[in-house]
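# Structural overview
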Amino acid sequence: MTVGTPLPHDAAALHVTGQARYVDDLPVPANCLHLAFGLSTIARGKITGLDVSAVSAADGVVAVLTEKDLPFENDVSPSVHDEPLLATGTVHYVGQPIFLVVAQSHLAARKAARLATIEYAEETPIVTIDQALAANSRFEDGPIVWSKGDAADAIKNAANRVQGSMEIGAQEHFYLEGQVALARPQEGGDMLVHSSSQHPTEIQHKVAHALGCPMHAVRVEIRRMGGGFGGKESQGNALAVGCAIAARQTGRPCKMRYDRDDDMTITGKRHDFRIDYDVGFDKNGRVSGIEFTQYARCGWALDLSIPVADRAMLHADNAYDLPAATITSHRLKTNTQSATAYRGFGGPQGMVGIERVMDHIAHNLGLDPLEVRRTNFYRDMTETPPTPAQTTPYHMEVEDFELNAMVRELAASSDYQNRRKRIAEWNAGNEVLKKGIALTPVKFGISFTLTHLNQAGALVHVYQDGSIQMNHGGTEMGQGLFQKVAQVAAHSFGVDTKLVKITATDTAKVPNTSATAASSGSDLNGMAVKAACDTIRERISDFLMEYYQADDVRFEGGQVHIGDKVIRFEEAAILAYENRISLSATGFYKTPKIEWNRVTGRGRPFYYFAYGAAVTECVIDTLTGENRILRTDILHDAGASLNPALDIGQIEGGFVQGAGWLTTEELVWDASGRLRTHAPSTYKIPACSDRPDIFNVALWDGKNREDTIYRSKAVGEPPFMLGISAHAALSDAVAACGAAYPNLNAPATAETILHAVTAVRS
Amino acid sequence: MTKVSLSLNGKPVSGKVEGRTLLADFLREGQGLTGTHIGCDTSQCGACLVHVNGDLVKSCTMFALEAEGCEVTTIEGVAAGDGTLSGIQDAFREHHGLQCGFCTPGMVMSTAELLKINPKPSEADIRDHLEGNICRCTGYHNIIKAIMAASGQDVSGIAAE
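Predicted, not measured: the structure shown is a model, and the values here were computed from it.

All right, on to the nonpolar core then. Within the largest apolar cluster, 198 residues are counted, with the highest numbers of intra-cluster contacts made by A:I290, A:F292, A:L403, A:L439, A:F493, A:L544 and B:F92. At 10 residues, the largest contribution of residues to this core is made by helix α15 (residues 521–548) of chain A. Lining this core are residues from two domains, each supplying at least three of them: domain 1 (2–77) and domain 2 (87–150) of chain B. In this structure A:L439 touches A:L370, A:R373, A:V407, A:L410, A:A411, A:Y416, A:A613, A:A614 and A:V615, once residues within four positions along its chain are discounted.

Structure (structure tokens):
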């Protein structure tokens, strides 16, 4: 039994000894060249003069490419071809690549990239949400509106009403391994690309277009990334395409690695949002109608902003049954990095909006926010479904809700009620320090909202010595996907995972894959691998039953039981081989039940929901705004976990990253559109001491109601949003300082908290 | 180009470097020891930590020439010659003190220094000591657990799995 076992990460021994290879660690031929982009120094304008002669003349420079030197398509966009690899006469943000330096060393390329003379006809950049609205600078023709019922009417007729607005900051991925790619020219014009990418098929597709060749001439391989978090879904395209073009032109291997400053300056981040709300509710806080207006700052190119902004709308309800809701979404175009995928993919922003509303309602009525949350929860699914059916604002029936029970258990295990009382008493006796506590839930929809992406393939071989090699379209970025799927494969053959060789993701082995994103990795690839293993196992079984004239075959404990006969798995493999049984198979999976119309905002975009809840206690210093997370308790639903240790790791890491987004991680652009926080010196991700002093994490004892891989649930993104509890707890602490509602924006940096404390006191 | 000679993981090595070549680059490109990672290029993330004459050093801010005559130990020199993991390495593996693994070599090198000066560190000691090591994946929980375990302390109270 390997499924459900808390095995270590598949490469743990390689990681602790430094043997695990990332792209920049791969041995390269001595003639390898190194690349760097020359970047725009202004946010918006026309290039009136570009002189790269000094770049070309610099030590070690082999070639300098501008858009005119590109042989075929000049585009690295994952969506609508609006993202040239190298600028075409106009620039749209500070950091946009304008030319490409090919040099003998990484340092030579970077130094030379600073030597160009670029003249611009500068235009006034659009940097902020307000500037974009004033200029009507947006993607799509106008705002997207989805609704259920008549929210305006419900609000008008409600006993109580609050309105508000919240700013929610962006977030840098800060994958520890920066973006990197390596292209190696092959015979006949083929190209082998190693790319630190969550989406090898996309890299293959973009490189093929850039080289003017079919996809079959490009092979992309990636064994692992040093973190991805969504930042390597589309942002690796530019490096891979640049390397491939330079490799084609020079006939030599080409490598490109962004230094951290370049990485933060060039690549997209989480979308920052403003969310306005208007809500009507009764005396218990039960919402009757709500209107949200979400403003997403998308940056200069479309990238993945449409599905991100859609997912923000799809999570505007979070865990709450909203009888009438209207959600309006503006996708604003600005002269900043093109905002991109980031763990949660818009879901966190939408969820922060409704959690803010719950807090605001509770404050307005003088109730415990947890009671208001519970009052508005969807009903738990029991043996008999709730009647009438409960639906989301996008008209999907919620069939698997279980947060009422989960929150009951978490509130009890964390002693929420007593601690809340004790905190109130403590606050009454402390002028300078104030504590706060909050319990927030997560309901996160699982599936790509672009339905056709919900498919996966796998390739499994059993060798004649009984060893197994497994390949699938998912990529490993630290989340433990490879180990979880290897456990599925080992389980299928009843063998130890040591017999299963995990191989690098490779577009030559499994084609047409989707990005490892949307938390879908284990769900999709686990099923595809299981399908391939089942095919081989059935072939072996059929053969053995005939060979031994038996009626049943069982694979267990490294052995194969055929009727009364027991042989080792290795013996079964060689026997099957010698009897000409195919021991190689592909597997394929597509998620059932889903259908979605984003134009009408109706359908079932998600196969199921993953749930979780967190209680966080914080303390703030009202004189400085400094703050600490004192304790966090989490109860999270990973279904019947494939590997509880790896899943708990995702939960812990997700919470800390989510809390970082809403507390210390502040991205600051100045009025000229320049990102001022482009290194860890100025951009503060959580450090070891920022982790809660007390951190209790438990898995909910449940299993997926839907027929997922061994009834497990996706766990990559959902726990990120448990971090909202930290922000809500800080808001609770600020609320203890005065009568007014804190209106605490995010990130709640010390400065923001101090500002809010001052505001509630006056 | 100047010649630099030093002891690397117990073996004498030498190579020609520019004056500005960083120790991290010398190790990775000159010696092929790619377990020393470059995460931030600016001495803040700790992925490039090595030991120089027994002291913990961020190799992206030390010139290779400064290591002339020094004893340098990298992550590749931590396990026993036969590949047996050190106690710290084994604890990080066993207690899931890693996810993407990119920060792990630096974490292991940093922990070795901590346990040398403080064989039974408290959780607070560990937090303090790791202030120069960034991990984006784990939330640090299992890293602390691994270090407590590596120092022979009871970790049964530190959450599940």
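From this point, the discussion proceeds with the structure in view.
Turning to the environment of A:D415, a few remarks are in order. Residue and element names in this part refer to chain A. Along the chain, D415 falls in the loop between α12 (403–413) and α13 (416–428). The class for D415 is partly exposed, based on a relative accessible area of 29%. C-alpha of D415 to C-alpha of D633: the two residues are 218 residues apart in sequence and 9.9 Å apart in space.

With 9 of 10 residues buried, helix α9 (residues 305–314) of chain A is to be regarded as a mostly interior element. Of the positions making up α9(A), those classed as buried are A:S305, A:I306, A:V308, A:A309, A:D310, A:R311, A:A312, A:M313 and A:L314.

Looking now at the interface of chain A and chain B. Each side of the interface is counted separately: chain A has 54 residues, and chain B has 46 residues. Interface of chain A and chain B: buried area, both sides summed, is about 4,100 Å²; carbon and sulfur atoms make up 57% of it. Contact with chain B buries area across many residues of chain A, yet A:V16, A:L176 and A:C688 alone supply 18% of it, more than any other trio. The tally of links between chain A and chain B comes to 6 salt bridges. Close ionic contact of A:D24 with B:R28 constitutes a salt bridge, the shortest N to O distance being 3.1 Å. Taken together, chain A and chain B are joined by 25 residue pairs in polar contact (both at pLDDT 80 or more). Every element with two or more residues in the side of chain A that touches chain B is listed here: α1 (12–17), α8 (260–266), α17 (644–662) and β29 (694–699) of chain A. Per-element tally for the side of chain A that touches chain B: the top contributor is α17(A), with 9 residues. Partitioning the side of chain A that touches chain B into residue classes produces 27 nonpolar, 15 polar and 12 charged.

This part takes up the sheet that holds strand β16 (residues 433–446) of chain A. To summarise the sheet geometry, strands pair through backbone hydrogen bonds and adopt either a parallel or an antiparallel arrangement. Residue and element names in this part refer to chain A. Taken in spatial order, the 4 strands make up an open sheet running β16-β27-β28-β29, and their pairing is mixed. Strands with a single pairing partner mark the edges of an open sheet, and in this sheet they are β16 and β29. Sheet twist, expressed as the mean angle between neighbouring strand axes with direction ignored, is 15 degrees. Bridging between β16 and strand β27 (residues 608–621) involves 14 bridges; their strand directions are antiparallel. Residue pairing across strands places K443 opposite Y611, the latter belonging to β27.

Bringing the domain arrangement of chain B into the picture now. Residues and elements named next belong to chain B. Structurally, chain B comprises domain 1 (2–77) and domain 2 (87–150). The centre of domain 1, based on its C-alpha atoms, is set 21 Å off from the matching centre of domain 2. In this assembly, 18 residues from domain 1 lie in contact with 15 residues from domain 2. Both sides together, the interface formed by domain 1 and domain 2 hides about 1,200 Å², and carbon and sulfur atoms give 62% of it. Sorting the residues of domain 1 by area buried against domain 2 places H37, L56 and I75 first, and these three jointly supply 39% of that buried surface. One can count 0 salt bridges joining domain 1 with domain 2. In terms of residue class, the side of domain 1 that touches domain 2 is built from 7 nonpolar, 9 polar and 2 charged.

Glancing now at the pattern of salt bridges. Under the counting rule described, the total for this entry stands at 55 salt bridges over all chains. Among the charged side chains, a network of salt bridges with common partners joins A:D24, A:D25, A:R110, A:R114, A:K255, A:R257, A:D259, A:D262, B:R28 and B:D41.

Residue and element names in this part refer to chain A. The omega angle of the peptide bond from A746 to P747 is 0 degrees, so this bond is cis rather than trans. Inspection of the secondary structure assignment puts P747 in the loop between α18 (724–735) and α19 (750–761). In this structure, D303 is a non-glycine residue whose phi angle is positive, near 45 degrees. Relative to the helices and strands, D303 resides in the loop between β14 (287–299) and α9. If you check the backbone angles, R711 has positive phi at about 65 degrees while not being a glycine. By the secondary structure assignment, R711 is in the loop between β29 and α18. Relative accessible area serves as the criterion here: at 29%, R711 is assigned to the partly exposed category.

The subject of this paragraph is empty space enclosed by the protein. Residues and elements named next belong to chain A. Throughout the structure, instances matching the rule amount to 12 cavities of 30 Å³ or more. Taken as a whole, the largest cavity encloses approximately 420 Å³ of empty space. Every residue lining the largest cavity is counted, 29 residues in all, and those nearest its centre are M477, Q479, S519, Q650 and G716. For the lining of the largest cavity, the secondary-structure elements that each account for two or more residues are α14 (481–493) and α15. Residues that form the lining of the largest cavity fall into these classes: 11 nonpolar, 13 polar and 5 charged.

Residues and elements named next belong to chain B. Most of helix α5 (residues 141–150) is tucked away: 8 of the 10 residues are buried. Taken together, the buried positions of α5 are H141, N142, I143, I144, K145, A146, I147 and M148. Immediately downstream of α5, the backbone of G152 shows phi near 75 degrees, a positive value.

So, how was this worked out
Residues numbered from 1 in each chain as written. Chains lettered and ligands numbered in written order. Predicted model: local features only at pLDDT ≥ 70, side-chain atom pairs only at ≥ 80, totals over all residues. Heavy atoms only, no water. Core = buried A, V, L, I, M, F, W, Y, C linked by side-chain atoms within 4.5 Å. Buried < 20%, exposed > 50% of the residue type's maximum accessible area, 1.4 Å probe, protein only. Helix = DSSP H or I, 4+ residues; strand = E, 2+ residues; numbered from the N terminus. Domains from an automatic or database assignment. Contact = heavy atoms within 4.5 Å. Buried area = accessible area lost by both parts, 1.4 Å probe. Salt bridge = Lys/Arg side-chain N within 4 Å of Asp/Glu carboxyl O. Polar contact = N/O pair within 3.5 Å; in protein donor to acceptor, adjacent residues only side chain to side chain. Nonpolar A, V, L, I, M, F, W, Y, C, P; charged D, E, K, R; others polar. Pairing = 2+ DSSP bridges. Axes fitted to C-alpha atoms, helices over the stretch in contact; angles between N-to-C directions. 1 Å grid on protein atoms, 1.4 Å probe; cavity = no way out; pocket = protein on both sides within 12 Å on 5 of 7 lines; lining within 4 Å. Points joined across faces, edges and corners; volume = space filled by probe spheres on them.

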